[in-house]
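The primary structure of each chain is shown beneath.
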Amino acid sequence: MSRSAHPAGPRHADVLPEGHYTAPAEDLNALDPKVWAHTVGRDADGVVTVGGITVTQLAEEYGTPAYILDEADFRDRARAWRTAFGTDADVFYAGKAFLSRAVVRWLDEEGLNLDVCSGGELATALAAGMPAERIAFHGNNKSPEEIERAVRAGVGRIVLDSFQEIVRVAHLAQSLGKRQRVQIRITVGVEAHTHEFIATAHEDQKFGIPLAGGQAAEAVRRALQLDGLEVIGIHSHIGSQIFDMSGFEVAAHRVVGLLKDIRDEHGVELPEIDLGGGLGIAYTSDDDPREPHEIAKALTEIVTRECESARLATPRISVEPGRAIVGPTAFTLYEVGTVKPLDGLRTYVSVDGGMSDNIRTALYDAEYSVALVSRTSDAEPMLVRVVGKHCESGDIVVKDAFLPGDLAPGDLLAVPATGAYCRSMASNYNHVLRPPVVSVRDGAARVIVRRETEEDLLRLDVG
Ligand code: LLP
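Residues numbered from 1 in each chain as written. Predicted model: local features only at pLDDT ≥ 70, side-chain atom pairs only at ≥ 80, totals over all residues. Heavy atoms only, no water.

Undergrad: Any details on the pairing of strand β6 (residues 113-116)? Residues and values, ideally.
TA: Consecutive side chains along a regular strand alternate between the two faces of the sheet. Burial along β6 is two-sided: Asn113 and Asp115 facing one way and Leu114 and Val116 facing the other are all buried. In this fold, strand β5 (residues 89-94) hands off to helix α3 (residues 101-110), which returns the chain to β6; that crossover is right-handed. Two elements, β6 and strand β7 (residues 135-137), share three bridges in a ladder whose sense is parallel. Residue pairing across strands places Leu114 opposite Ile135, the latter belonging to β7. Handedness of the crossover is the feature at issue here: the chain leaves β6, passes through helix α4 (residues 119-127), returns alongside β7, and the resulting connection is right-handed. (Buried < 20%, exposed > 50% of the residue type's maximum accessible area, 1.4 Å probe, protein only. Helix = DSSP H or I, 4+ residues; strand = E, 2+ residues; numbered from the N terminus. Right-handed = clockwise from strand over helix to strand, strands pointing away. Pairing = 2+ DSSP bridges.)

Undergrad: Which residues make up the site of the ligand, and what values go with them?
TA: Around the ligand there are 19 residues in total, and Ser240, Glu320, Arg360, Tyr364 and Tyr421 lie nearest to it. One nitrogen or oxygen atom from the side chain of Glu320 is found 2.7 Å from a nitrogen atom belonging to the ligand. The contact in question runs from an oxygen atom of the ligand to an N or O atom on the side chain of Arg360, over 2.6 Å. Within the complex, the protein chains bury 92% of what would otherwise be the 590 Å² of accessible surface of the ligand. In terms of residue class, the shell around the ligand is made up of six nonpolar, seven polar and six charged. (Near = heavy atom within 4 Å. Polar contact = N/O pair within 3.5 Å; in protein donor to acceptor, adjacent residues only side chain to side chain. Areas by Shrake-Rupley, 256 points an atom, 1.4 Å probe, with all protein chains shown as cover. Nonpolar A, V, L, I, M, F, W, Y, C, P; charged D, E, K, R; others polar.)

Undergrad: Give me the lowdown on the nonpolar core, citing residues and values where you can.
TA: Taken as a class, soluble globular proteins show a tendency for nonpolar side chains to be buried jointly. With 108 residues, the main nonpolar core has Phe74, Tyr93, Ile184, Ile234 and Leu413 as its most contacted residues. In terms of residues, this core owes the most to one element, helix α8 (residues 246-266), which gives eight residues. Mapping this core onto the domain boundaries places at least three of its residues in each of domain 1 (41-70 + 328-460) and domain 2 (138-321). Not counting residues within four places of it along the chain, the set of residues in contact with Ile234 comprises Gln183, Ile184, Ile186, Val220, Val255, Leu258, Leu259, Ile262, Leu270, Glu272, Ile273 and Asp274. If you look at the next biggest cluster of nonpolar residues, it comprises 24 residues, including Ile53, Ala371, Leu412 and Val440. (Core = buried A, V, L, I, M, F, W, Y, C linked by side-chain atoms within 4.5 Å. Domains from an automatic or database assignment. Contact = heavy atoms within 4.5 Å.)

Undergrad: Pulling in residues and values, what's your account of the pairing of strand β11 (residues 229-235)?
TA: With six of its seven residues buried, β11 lies for the most part within the structure. As paired strands, strand β9 (residues 180-187) and β11 are joined by six bridges and run parallel to one another. Residue pairing in the sheet places Arg185 in a bridge with His235 of β11. The pairing of β11 with strand β12 (residues 272-274) spans three bridges and is classified as parallel. By the bridge assignment, Ile234 is partnered in β12 with Ile273. Following the chain from β11 across α8 to the adjacent parallel β12, one finds a crossover that is right-handed.

Undergrad: I'd like a rundown of the environment of Arg459, residues and numbers included.
TA: Tracing the backbone through its elements, the reader meets Arg459 in helix α12 (residues 454-460). Relative accessible area serves as the criterion here: at 59%, Arg459 is assigned to the exposed category. Between the C-alpha atom of Arg459 and that of Leu226, which follows or precedes it by 233 residues, the distance is 45 Å.

Dropping the structure here:
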């Protein structure tokens, strides 16, 4: 996740610690549309607005920190994926990125399907009225209760992740007098170019059944023999925050190779393949993500070509983008509490949230951008580290950024592209309360996930 090196910054140019820094934007007041939600801009007073509402109004009404989600942008991106893949393919939004009942309803209305990976996500999807046949159920260790709930609800597919699970799901479905549609998740042995913790197609990790050594073929062999299962396809997810399509190309090649082997051995052409999610988004101006229509075209061409050369009918493709839909649609709004210049080093800016609302910087060394949003400023840029309020020095929200040198307590900062894996990975560390998710659209705001309260904390602590 390295960046181009331009250690510039007039104030601290001689003291930049070693590393790569994005040069301060010519104008720190500019908002790069690549990293901000579609409806974000500044009003005549220089205050940032989203969905027609100023961040100062939002902070006053809902408090800080808060995740502010642009509903129109979410719907646009969901629709762009849907349209790009057309009616011959399915788009399953990966709920792990961020899930709430409002989001499920938007997805339903925009014609997307939903990938869930726990009983809790399944319960949210069903509570919001997502038709069960449009739900895919994932996970490397689904409990028998979760499997039973999914089978009873009639989910469209369960993605099987191990030999034990093949048997478990088959028996459960059979005992309920059902035949469950399943895909088998395989690992194709691709080294995805992303952080180690979010790469999932190399063999030495917990997900899927390795293609290597004939294990995936053996899994299919066993699954095809079980009455409780209807094997509809093969699943591969190579990792997350990936920009380079070559990993998908290799994955598609290997998945189609397995389909061909299955056809040759069993005389069955499995009708579907799922290439997972993982498409990268812009966290900073240096990231250049592909558009959904480019991705759809590339994936469809790869699969079609591979199937033609294997003389297979092209299977129905599905994909599971999470981050690429919700990530760019939200920013986290914080209030500055303290500004602490450390001579010869940098300035530490403390905000009223931190690693409990965004663990990604601490966990993956993720890079984020940040902007002063409650006003504009012409002050000289200063090199800052935006940190949270937790009792831990690794509590960093934005590791290296430039902000105006006149930044002061009470200013509002926003960190863009926090729609994915921030609220969904939020914690109560230090008993800090998880922020609300406020959605905005056409000049109206509403809370879709409310702020946690001290009563919520105490309710769980049964004394
Ligand atoms: N499908 C499967 C089977 C997955 O495991 C995942 C993500 C997705 C789809 C969606 O991937 P996306 O399009 O959102 O990249 N917490 C990490 C990401 C973990 C992703 C886990 N699986 C992060 O904050 O970067």
